[in-house]
Amino acid sequence: MPEPTPALPSAHPAPPAPDAGAEPANSATSAARLDATPRPAGLQPGLVVAWLLAAIGLVVSALLWQKVAGMQEQLARQSADAGTQSVEARTLARQAEENARSLSGKVATLETKVADMAAYRTQLDALVQSVARARDENLAVDLDAALRVAQDQTQLTGSVEPLLAALRTAERRLSRSSDPRLAPVARAVTRELEAVKRASIADTAGLLARIDLLLRQADELPVANDVGRDRPGQAPRGGAVAPTPESAWARLWHSALDQAHGLLRVSRVERPEASMLSPEQAFFVRENFKLRLHGARLALLARQYEAVRADLSAASTLLGTWFDPASRRTQSAATTLQQIQAGTKSADLPRIDDTLTALGNVMAAASATGTLESAGGR
């Protein structure tokens, strides 16, 4: 900005302006007089200093003006920016409010859906529990039916394999179940599985062979009052073996003695009923003995070991009552009967009564629970 040049004093002073007051007129007159006085040709130092101060003041004023103008422009820009930002802020606030309203609606919708899902989950949990309970009840029914069928197959075939397979299957299915009511069933299955594994099976073929041997020997067993034939293992009638007679008269004499000994025999009668047995009764005794053996044979084929033991006991009683106990054949038959009875003592097929009882208790408890629930629903 250019500096203002100072005005030079004029040679002819201007006429004073007329004024209404007296004092201004006097001052103007005195000033005109001063101007009319002669001055030196050079500049005075005070005037130079004044002009310098005036120039500096003008420069400072110009700089201040420029600074104030820049500040005004900056304030105007900041005000414009602030207005724009306030408009944007109001727009954002309006959008945020709209978003908040929409979000609140969505939150209310979500809360409604969450409540519906909670109700659905409650219903689903109840359904799952009922399905699990029904599954466990059906599991108990299935296991009971399978184990009963396996036990019947074991009784019919005489083999423990069907029962072992059914118990292993039951153990696997029970291990996958989480129902605490089936815990006693699982323990019973484990115990009886070990018992079935340790069970001994009778040698049915060997027992049948021994019974057939007794049936073939039944017709040759001597009864207790049989006096018509020599008993095996006994010495000939008349005591020790006589030397060969040297003459016909001696042979005739010994023959007469043998006949006389055969006609008369003195012995101790321990069972009077056996000594009074007639030949016809002896026939029926042998037939009854054979019938008992046949009954034991059929019962053994049917795996009815209690019936086998009953028939063998009756046959042993007949053998000891009506047949000669001193005969080797009778003793051999008695020994064979004892072997058969010993073979059938450990021939009982294993049973799973504990497992079936535990399953019955579970089914009874499930039935009682279902009855109570149906009564409560009504």
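The rules behind each value
- Residues numbered from 1 in each chain as written.
- Predicted model: local features only at pLDDT ≥ 70, side-chain atom pairs only at ≥ 80, totals over all residues.
- Heavy atoms only, no water.
- Helix = DSSP H or I, 4+ residues; strand = E, 2+ residues; numbered from the N terminus.
- Buried < 20%, exposed > 50% of the residue type's maximum accessible area, 1.4 Å probe, protein only.
- Contact = heavy atoms within 4.5 Å.
- Areas by Shrake-Rupley, 256 points an atom, 1.4 Å probe, with all protein chains shown as cover.
- Axes fitted to C-alpha atoms, helices over the stretch in contact; angles between N-to-C directions.
- Parallel < 35°, antiparallel > 145°, perpendicular 65-115°, else oblique.
- Left-handed = near helix turned anticlockwise from the far one by under 90°.
- Expected span 1.5 Å × (residues − 1).
- Arc of directions from axis to C-beta.
- Patch = residues over 30% accessible without salt bridge, like charges linked within 9 Å, V, L, I, M, F, W, Y side chains within 5 Å.
- Salt bridge = Lys/Arg side-chain N within 4 Å of Asp/Glu carboxyl O.
- Phe/Tyr/Trp six-rings, centres within 6.5 Å; stacked < 30°, edge-to-face > 60°.
- pLDDT = per-residue confidence, 0-100.

Focus: the overall build of the chain
Reasoning step 1: Scanning the chain from terminus to terminus reveals eleven helices and zero strands.
Reasoning step 2: Reading the helices (α) and strands (β) of the chain from amino to carboxyl end gives α-α-α-α-α-α-α-α-α-α-α.
Reasoning step 3: For the chain, with 378 residues in total, the buried portion stands at 22%.
Reasoning step 4: In the chain, once contacts between residues fewer than 6 apart in sequence are set aside, the share between residues at least 24 apart is 78%.
Reasoning step 5: Carbon together with sulfur atoms contributes 60% to the accessible area of the chain, which is approximately 26200 Å² in total.

Observations concerning the side chain of D311
Reasoning step 1: Residue position: D311 is located in helix α9 (residues 305–322).
Reasoning step 2: Excluding anything up to four places from it in sequence, D311 contacts R292, G295 and A296.

As for the packing of helix α3 (residues 161–175) against helix α4 (residues 183–198)
Reasoning step 1: The N-to-C vectors of α3 and α4 enclose an angle of 150°; their axes lie 10 Å apart at closest approach. Here α4 runs roughly antiparallel to α3, going by the angle between their axes. Where α3 crosses over α4, the two elements pack in a sense that is left-handed. Across the interface between the two elements, L163, L164, L167, R168, A170, E171 and L174 of α3 pack against V185, A186, V189, T190, E192, L193, V196 and K197 of α4.

Quick look at α4
Reasoning step 1: Taking 1.5 Å of rise per residue, the 16 residues of α4 would be expected to cover 22 Å, and the 23 Å separating its terminal C-alpha atoms lies within 8% of that figure.
Reasoning step 2: Considered for burial, the residues of α4 that qualify are V185, A188, V189, E192, L193 and V196. The buried residues of α4 occupy one face: seen down the axis, they fall within an arc of 140°. Exposed side of α4, more than 90 degrees from the buried face: R191 and R198 are the residues found there.

Re a nonpolar patch on the surface
Reasoning step 1: The grouping of V49, L53, I56, V60 and L64 at the surface amounts to a nonpolar patch, some 460 Å² of accessible area in total.
Reasoning step 2: By the secondary structure assignment, V60 is in helix α2 (residues 45–157).

Quick notes on the packing of helix α5 (residues 204–217) against helix α10 (residues 328–345)
Reasoning step 1: Interaxial distance between α5 and α10 falls to 10 Å at its minimum, and their mutual angle equals 155°. When the axis of α5 is compared with that of α10, the two are roughly antiparallel. Classified by chirality, the crossing of α10 by α5 is left-handed. Of the residues in α10, those touching α5 at L207, R210, I211 and L214 are A333, T336, L337, Q339, I340, G343 and T344.

Describing α9
Reasoning step 1: The end-to-end C-alpha distance of α9 is 26 Å, a good match for the 26 Å that 18 residues give at a rise of 1.5 Å each.
Reasoning step 2: Along α9, the positions that sit buried rather than exposed are Y305, V308, R309, D311, L312, A315, L318 and L319.
Reasoning step 3: Where α9 is buried, its residues meet α5, α8 (279–301) and α10.

Let's talk about the packing of aromatic side chains
Reasoning step 1: A full pass over the atoms with the stated rule returns two aromatic pairs.
Reasoning step 2: An angle of 70° between the planes, with centres 5.5 Å apart, marks the rings of F283 and F284 as edge-to-face.
Reasoning step 3: A relative accessible area of 44% places F283 in the partly exposed class.
Reasoning step 4: F284 gets classed as exposed once you look at its relative accessible area, which sits at 56%.

Describing the confidence of the model for the chain
Reasoning step 1: Here the chain shows a mean pLDDT of 77. Residues at 70 or above account for 73%.
Reasoning step 2: For residues 230–242, every residue scores under 50 in pLDDT, and the model assigns this stretch 16 contacts once sequence neighbours within four places are set aside.

Quick notes on the environment of A310
Reasoning step 1: Considering the arrangement of structural elements, one finds A310 in helix α9.
Reasoning step 2: For A310, a relative accessible area of 47% translates into the label partly exposed.
Reasoning step 3: Sequence-wise, A310 and A296 are 14 residues apart; in three dimensions their C-alpha atoms are separated by 7.9 Å.

Comments concerning the pattern of salt bridges
Reasoning step 1: The full count for this structure, using the stated rule, is ten salt bridges.
Reasoning step 2: The residue R297 makes a salt bridge to D212 at a minimum N-O spacing of 2.9 Å. A residue pair is termed long-range when its members are at least 10 positions apart, and R297 in helix α8 and D212 in helix α5 qualify at 85 residues.
Reasoning step 3: Here D212 falls in the partly exposed class, since its relative accessible area comes to 22%.
Reasoning step 4: Two residues, K290 and D219, come together in a salt bridge whose shortest N-O distance is 3.1 Å. With K290 in helix α8 and D219 in the loop between α5 and α6 (248–263), this residue pair connects regions lying 71 residues apart in the sequence.
Reasoning step 5: By relative accessible area, D219 is classed as partly exposed at 47%.
Reasoning step 6: Beyond isolated ion pairs, a larger network of salt bridges with shared partners links D219, E287 and K290.

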